[in-house]
Amino acid sequence: MGFDRIREKLNILADAAKYDVSCASSGSDRTNKTKGLGNASKMGICHSYTEDGRCISLLKILLTNHCIYDCAYCVTRKSNDVQRAAFKIQEVVDLTINFYRRNYIEGLFLSSGIFKNADYTMERLVAVAKKLREEENFNGYIHLKSIPGASDELMYEAGLYADRLSVNIEVPTVSGLKLLAPDKKHEDFTKPMLKVKNEIVRFQTERKIIKSTPKYAPAGQSTQMIVGASGETDKDIMYSATYYYKTYQMKRVYYSGYVPVADDARLPAIGSQVPMLRENRLYQTDWLLRFYGFAVNEILNKEYPNLDMDVDPKLSWALRNLHHFPVDVNTADKRLLARIPGIGMQSVEKIMKARKFRRLNWDHLKKIGVALNRAQYFMVCDSRHWERRDLDAEKIKGMILQTSSGKFRNQYSNQLSLFN
Amino acid sequence: MNASITLIYDGSFNGFLTAVFVAFDEKINVADIQRNGQCQNGLFSDTETIFTHVEKAQRVWNGIKGKSHNAISNVYFAFLSEAEGVEMMLYTYIQKLMRTQTGKYLDYSDSTVLHISQLARKVGREKHRMEAFVRFQLTKDNIYFANIEPDFDVLPLISKHFRDRYADQQWLIYDVKRKYGIYYNLDHVEMVSLNLREVHFNKVHKSDAFLSEEYDYQTLWNDYFKSTGIKSRINPKLHTQHVPKRYWKYLSEKKAS
Ligand code: SF4
């Protein structure tokens, strides 16, 4: 087939795939033992960056944007008047290999609209991966989308060739799903997730006994939720995320600020602002849950169903729980240190090491990299000078906001400036 | 104390290590270590020319490695920075290292130690950038060819990455600034120098060294690059922070079209 036709298809099918924010190519360790093509770098490499500053590491495309469903939030929905296209299996293989050989990408992220039915679609995604692995001897990264409703057999096969599998639940609440994707069932999403999780667990157990057990999705599975499309609260989102982390052993949950793609009364209008700051706050919360030992109900609960927009979630929690502070950095245990605003996990480690040699004062902490403008209200150290005034939460918040740079207040900053 | 001497070496890393060996072995009071052709201050000190000796270099290498793995990579990376005066700084660094018990407790408040580790980190960053930003173009001779112009001499550092990854294709990465390249011939990597008629960066003009298929794939990649950006989220500052402008010249997705 001619170059022009391929070009047209690529434009259509890359455009439709870009709303999936996951681009990670890390976490796999496929090596190139057979003198074939490619390997998966444990850390992942960003070969370029989009003009909105996101990492480009994978060729991210749909196999087709024909779809029998009509999910309101999706550009590919059947009622949407867009150009449709479909790649042949071999075309995707050729593109991937040729991009890879030129060092443009780390691998392929293949998703698809659902044509005919779930299994028919999944079968084709698996066929691409299989061809890459077996015919092209390709050891680069492959991320396949698990098609909701796909059979266990296909999901098993998919994991043999793919490094990562993901199903995007997109809508965090069951009621939202009913409203926005009326012909999809919640179980359609969870069934392939469960299969993949079980296979990963099985692989890990068998691997211990039989070294040669074939790899199964070594980079695990992930999912994505759209933020701001169905009127859900931050609590809805993070409780769902926690559920998916626990139940399906997700490697990552991604949060994607809804980019309006439809004129639909059920959704924010076209031209509405993408909730990027909110997205950032959700990632920060995700981080607190995974690495800082916070439980989700400490940060979000009935009383506080939404995250603060003007301060990060850790500071926000601290301000609501002043009775835990001040913490003495020279004696406190790790868990407590990690809860002091302005002290990141890296600083926690450094503090633990450094305080073995000497008692730490403000100077030491500053060198270690603690953000004192925030931390000072919540801690004491080896110094006679510390915050003694009995300040209330509002006061402290005001003073911190005054001294912090604009990046936390700038709605457009989509950089993940997680706390330090 | 002996009169101080300036050691002249051939510019290679082994040459530098040989110089260190000789200095230690002969207890020379080193005034400076300079690469051949760069000598400046022969006026106030005697010079001695060092002949690169792989075994001697190896002994210094092993000595440093025996102290600390971290130190050996610091020394190598910092050396490749080609920073002015880096040799003398490395010499001091190695002296300090050898005096420590295990090499683990190097004092990072010491300015030499700090400076070397900062240099090494910069070179490390450039290495990662090059691993990401190399763009191969397929020539008519079936060689995947890329020009680079890195801030530091990182070719020796990226060789393994590309050899492991592209084991089944011939490739050549050429440093335009330093005028040498590394070539993988499906078996091993070797150093090459070329007589380049033209520097192939991402200009719109098409060279007849490449297949027309090559330009098709570049077009597809450029298209792909454009279509991945989400307009309502555009952020040029963040973009150039990740992809500094000085690298654009060799990135085909940054081709003016
Ligand atoms: S099934 Fe998937 S591709 Fe089809 S409309 Fe729904 S979200 Fe979009």
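**A few points about helix α3 (residues 118-134) of chain A**
In this model, α3 of chain A (17 residues) spans 24 Å end to end at C-alpha, consistent with the 24 Å of a helix rising 1.5 Å per residue. Looking at the buried residues of α3 of chain A, the elements they touch are α2 (89-101), β4 (107-111), β5 (141-145) and α4 (152-161) of chain A.

**Some words on the interface of chain B and chain A**
The partner chain A presents 50 residues to the 47 residues of chain B that form the contact. The junction of chain B with chain A conceals about 4,300 Å² of combined surface from both sides, 53% of it contributed by carbon and sulfur atoms. A per-residue breakdown of the area chain B buries against chain A is headed by R165, Y224 and R233 of chain B, which together make up 20% of the total. In this assembly, chain B and chain A are joined by four salt bridges. Here R102 of chain A ties to E214 of chain B by a salt bridge, and the two come within 2.8 Å at their closest N and O atoms. Counting the contacts that link chain B with chain A gives 21 residue pairs in polar contact (both at pLDDT 80 or more). By residue number, the principal contributor to the side of chain B that touches chain A is helix α7 (residues 212-228) of chain B, which donates 13 residues. Of the residues in the side of chain B that touches chain A, the class split is 21 nonpolar, 13 polar and 13 charged.

**Brief notes about the site of the ligand**
Around the ligand lies a shell formed by C67, Y69, C71, C74, T76, R77, G113, I114 and K184 of chain A. Given that more than half its atoms are within 2 Å of the pocket grid, the ligand belongs to the largest cavity.

**Quick notes on the side chain of S111 of chain A**
Residue and element names in this part refer to chain A. Inspection of the secondary structure assignment puts S111 in strand β4. Classification of S111 as buried rests on a relative accessible area of 11%. With residues up to four places along the chain from it excluded, the contact list for S111 reads I61, L62, L63, L125 and K145.

**Remarks on the domain arrangement of chain A**
Residue and element names in this part refer to chain A. For chain A, the assigned domains are domain 1 (3-294) and domain 2 (313-412). Here the C-alpha centroids of domain 1 and domain 2 sit 38 Å apart. With 13 residues of domain 1 in contact, the opposing surface of domain 2 contributes 11 residues. Both faces combined, the contact of domain 1 with domain 2 buries some 1,100 Å², and carbon together with sulfur accounts for 60% of it. In terms of surface lost to domain 2, no three residues of domain 1 exceed L277, Y292 and F294, which account for 48% of the buried area on that side. Inspection of the region where domain 1 meets domain 2 yields zero salt bridges. Across the contact surface, domain 1 and domain 2 share two residue pairs in polar contact (both at pLDDT 80 or more).

**Re the confidence of the model for chain A**
Mean pLDDT over chain A stands at 86; residues scoring 70 or higher make up 94%. This model gives residues 406-420 of chain A a pLDDT under 50, and the stretch forms 46 contacts once residues within four places in sequence are excluded.

**Observations concerning unusual backbone geometry**
All names here are of chain A. That bond from F325 to P326 is cis: its omega, 0°, falls within 30 degrees of zero. Mapped onto the fold, P326 is located in the loop between α10 (313-320) and β9 (327-328). Its identity is not glycine, yet K116 carries a phi of approximately 60°, on the positive side. Assignment of secondary structure puts K116 in the loop between β4 and α3. Assessed through its relative accessible area of 58%, K116 is described here as exposed. At A217, a residue that is not glycine, the phi angle is positive and equals roughly 35°. Within the element layout of this structure, A217 appears in the loop between α6 (186-209) and β7 (221-227).

What counts and what doesn't
Residues numbered from 1 in each chain as written. Chains lettered and ligands numbered in written order. Predicted model: local features only at pLDDT ≥ 70, side-chain atom pairs only at ≥ 80, totals over all residues. Heavy atoms only, no water. Helix = DSSP H or I, 4+ residues; strand = E, 2+ residues; numbered from the N terminus. Expected span 1.5 Å × (residues − 1). Contact = heavy atoms within 4.5 Å. Buried area = accessible area lost by both parts, 1.4 Å probe. Salt bridge = Lys/Arg side-chain N within 4 Å of Asp/Glu carboxyl O. Polar contact = N/O pair within 3.5 Å; in protein donor to acceptor, adjacent residues only side chain to side chain. Nonpolar A, V, L, I, M, F, W, Y, C, P; charged D, E, K, R; others polar. Near = heavy atom within 4 Å. 1 Å grid on protein atoms, 1.4 Å probe; cavity = no way out; pocket = protein on both sides within 12 Å on 5 of 7 lines; lining within 4 Å. Sits in = over half its atoms within 2 Å of the grid points. Buried < 20%, exposed > 50% of the residue type's maximum accessible area, 1.4 Å probe, protein only. Domains from an automatic or database assignment. pLDDT = per-residue confidence, 0-100.

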